[in-house]
Amino acid sequence: MKTYLGDRTLDGIKVTVDGRPLDPRTDLQTFSTNGFEWSYEGPEPAQLSLALLADHLDEDQVALAKCDAFMKAVVSNFNNEWEMTSEDIDLALENIGRG
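Residues numbered from 1 in each chain as written. Predicted model: local features only at pLDDT ≥ 70, side-chain atom pairs only at ≥ 80, totals over all residues. Heavy atoms only, no water.

**Student:** Explain a negative patch on the surface to me, and be specific about the residues and the numbers.
**Tutor:** The grouping of E83, E87, D88 and D90 at the surface amounts to a negative patch. Examining the composition of the negative patch, we find that three residues originate from one element, helix 3 (residues 86-98), more than from any other. Relative to the assigned elements, D88 resides in helix 3. (Patch = residues over 30% accessible without salt bridge, like charges linked within 9 Å, V, L, I, M, F, W, Y side chains within 5 Å. Areas by Shrake-Rupley, 256 points an atom, 1.4 Å probe, with all protein chains shown as cover. Salt bridge = Lys/Arg side-chain N within 4 Å of Asp/Glu carboxyl O. Lys, Arg positive; Asp, Glu negative; His and termini not counted. Charge placed at Lys NZ, Arg CZ, Asp CG, Glu CD. Helix = DSSP H or I, 4+ residues; strand = E, 2+ residues; numbered from the N terminus.)

What follows is the structure, given as structure tokens:
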């Protein structure tokens, strides 16, 4: 099980997966070149949503298809500091799928 962490630090935004920096996956889609953000709906949270799903699902096209809904339901509601596990992401995707 992977653990994803996000934090706003004095040095800026920090997002990791199991202690290493999370790849923004701009090779799949570039929503923003400004890095990650959260707590609102927009291009930076969309990039974070895509990166989280692409890393977790390991299925690029599925991550692209689900990233907008995941951003709106989950990423836009993160606090300044947040933590999600693989299990949390699966549960969130299941709830989004239910409508």
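**Student:** I'd like a description of helix 3, backed by residues and values.
**Tutor:** With 13 residues, helix 3 should reach 18 Å at 1.5 Å per residue; the first-to-last C-alpha distance of 19 Å fits that figure. Next to the buried residues of helix 3 lie strand 1 (3-9), helix 1 (43-57), helix 2 (60-73) and strand 4 (82-85). (Expected span 1.5 Å × (residues − 1). Contact = heavy atoms within 4.5 Å.)

**Student:** Now, about the packing of helix 1 against helix 2: what can you tell me, with residues and values included?
**Tutor:** Relative to each other, helix 1 and helix 2 sit at 135°, their axes nearing to 8 Å. Compared by their axis directions, helix 1 and helix 2 come out oblique. Two packed elements cross with a definite hand, and for helix 1 against helix 2 that hand is right-handed. In contact with P45, A46, S49, L50, L52, L53, A54 and L57 of helix 1, helix 2 contributes D60, V62, A63, L64, K66, C67, F70 and M71. A class-by-class count of the residues in the contact of helix 1 with helix 2 yields 13 nonpolar, one polar and two charged. (Axes fitted to C-alpha atoms, helices over the stretch in contact; angles between N-to-C directions. Parallel < 35°, antiparallel > 145°, perpendicular 65-115°, else oblique. Left-handed = near helix turned anticlockwise from the far one by under 90°. Nonpolar A, V, L, I, M, F, W, Y, C, P; charged D, E, K, R; others polar.)

**Student:** Could you give an account of the side chain of H56, naming the residues involved and the relevant values?
**Tutor:** Here H56 lies in helix 1. What makes H56 buried here is its relative accessible area of 17%. Not counting the four nearest positions on each side in its chain, H56 is found in contact with Y4, S86, I89 and D90. (Buried < 20%, exposed > 50% of the residue type's maximum accessible area, 1.4 Å probe, protein only.)

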